[in-house]
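# Inside the fold
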Amino acid sequence: SVTGFCNYVDDWIQWIPQGTIWSAVNYKRVLSRGSEVAVNATNTNVVSKKFKVDFRASYSFTKTTGLDGLSAYDQSKGKQLIYVPLHSVAAGLQLQYCRFYIRSSNNYISTLYTSTDNSQSLKGFFISNLEVGKDFVFGPHEIGASFRVNNIGNADYQSVAQRPMPGRAYEGIIRFKFASK
């Protein structure tokens, strides 16, 4: 699927860091435009009813700019708003056989500006996660057990300035799904 968008917003309010305090700022007018592309593909029992492949990927281009400066000396007019990535990509692949599965999810976020004049930024980052698991079915009920490694590459990144995100992390998951008859 492909989607395009263009939004003109009057009285856009965004929280902006002003030192250690965040405060709401009225940007007056903002133009947000871009496109999103998504691809989903799943096998339809080509190999076997027991084997399933699911692939999903998406790309987003978002150009969001202030049409007005906040003051006569403000250099933010026409610049990308803070913490709005211009490019983002997500992709995932799941292989499943007899309710055993392995799942990979990957995300890329481009540069994030941290100042309204785009003079300061956080570098883009790529995060990859991997999960293996098994689902057990007991009549209408299901129990799943899985193990996940988040941030496999131990990427050093920040989504918000001065707030480092966790490195590689391990997670065990038990999921119960109860269905009524």
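That block above? That's the structure.
The following refers to the structure shown. Note that the coordinates shown come from a computational prediction; the quantities given were computed from them, not determined experimentally. (Residues numbered from 1 in each chain as written. Predicted model: local features only at pLDDT ≥ 70, side-chain atom pairs only at ≥ 80, totals over all residues. Heavy atoms only, no water.)

### Observations concerning the pairing of strand β14 (residues 169-177)
Rules: Burial classification: accessible surface area is computed with a 1.4 Å probe over protein chains only, and a residue below 20% of its type maximum counts as buried, one above 50% as exposed, and the rest as partly exposed. Secondary structure elements follow DSSP: runs of H or I no shorter than four residues count as helices, runs of E no shorter than two count as strands, and numbering proceeds from the N terminus. Here the rule is simple: two strands pair whenever DSSP picks up at least two bridges between them.
Across the nine residues of β14, zero count as buried, placing the element largely on the outside. Here strand β11 (residues 141-150) pairs with β14 via nine bridges, running antiparallel. Pairing of Ser146 across the sheet is with Ile173, part of β14.

### A closer look at the nonpolar core
Rule in force here: Only buried Ala, Val, Leu, Ile, Met, Phe, Trp, Tyr and Cys residues count toward a nonpolar core, and they belong to the same one when joined by side-chain atoms within 4.5 Å. We call two residues in contact when some of their heavy atoms are within 4.5 Å.
Residues Ile16, Tyr27, Leu81 and Phe125 are the most contacted members of the largest nonpolar core, which totals 13 residues. Not counting residues up to four positions away in its chain, the partners in contact with Phe125 are Asn107, Tyr108, Ile109, Leu112, Tyr157, Gln158 and Ser159.

### Here's the deal with the packing of aromatic side chains
Put simply, the rule reads: Aromatic pairs are defined between Phe, Tyr and Trp rings, using the six-membered ring for Trp, whenever the two ring centres lie within 6.5 Å; interplanar angles under 30 degrees are classed as stacked, those over 60 as edge-to-face, and all others as tilted. Both a distance and an angle decide whether a charge sits over a ring: NZ of Lys or CZ of Arg must be within 6 Å of the ring centre and within 35 degrees of the ring normal.
In this structure the tally under the stated criterion is four aromatic pairs. Ring plane angle 0° and centroid distance 6.1 Å describe the contact between Phe176 and Phe178, whose orientation is recorded as stacked. For Phe176, a relative accessible area of 53% puts it in the exposed group. One cation-aromatic arrangement involves Lys134 over Phe100; the distance from NZ or CZ to the ring centre is 4.6 Å. Above the face of the Phe136 ring, Lys134 is positioned so that its terminal group lies 5.1 Å from the ring centre.

### Some thoughts on the sheet that holds strand β1 (residues 2-10)
So the rule is basically this: For helices, the fitted line uses only the C-alpha atoms of the stretch in contact; every axis is such a line through C-alpha atoms, and the angle between N-to-C directions lies from 0 to 180 degrees.
One open sheet accounts for eight strands, arranged β1-β4-β5-β6-β7-β10-β11-β14; its pairing is antiparallel. The sheet is open, and its two edges are formed by β1 and β14, each paired on a single side. For this sheet, the mean inter-axis angle between neighbouring strands, taken without regard to orientation, is 15°.

Take it as geometry only, folks, not as evidence of what the structure does.
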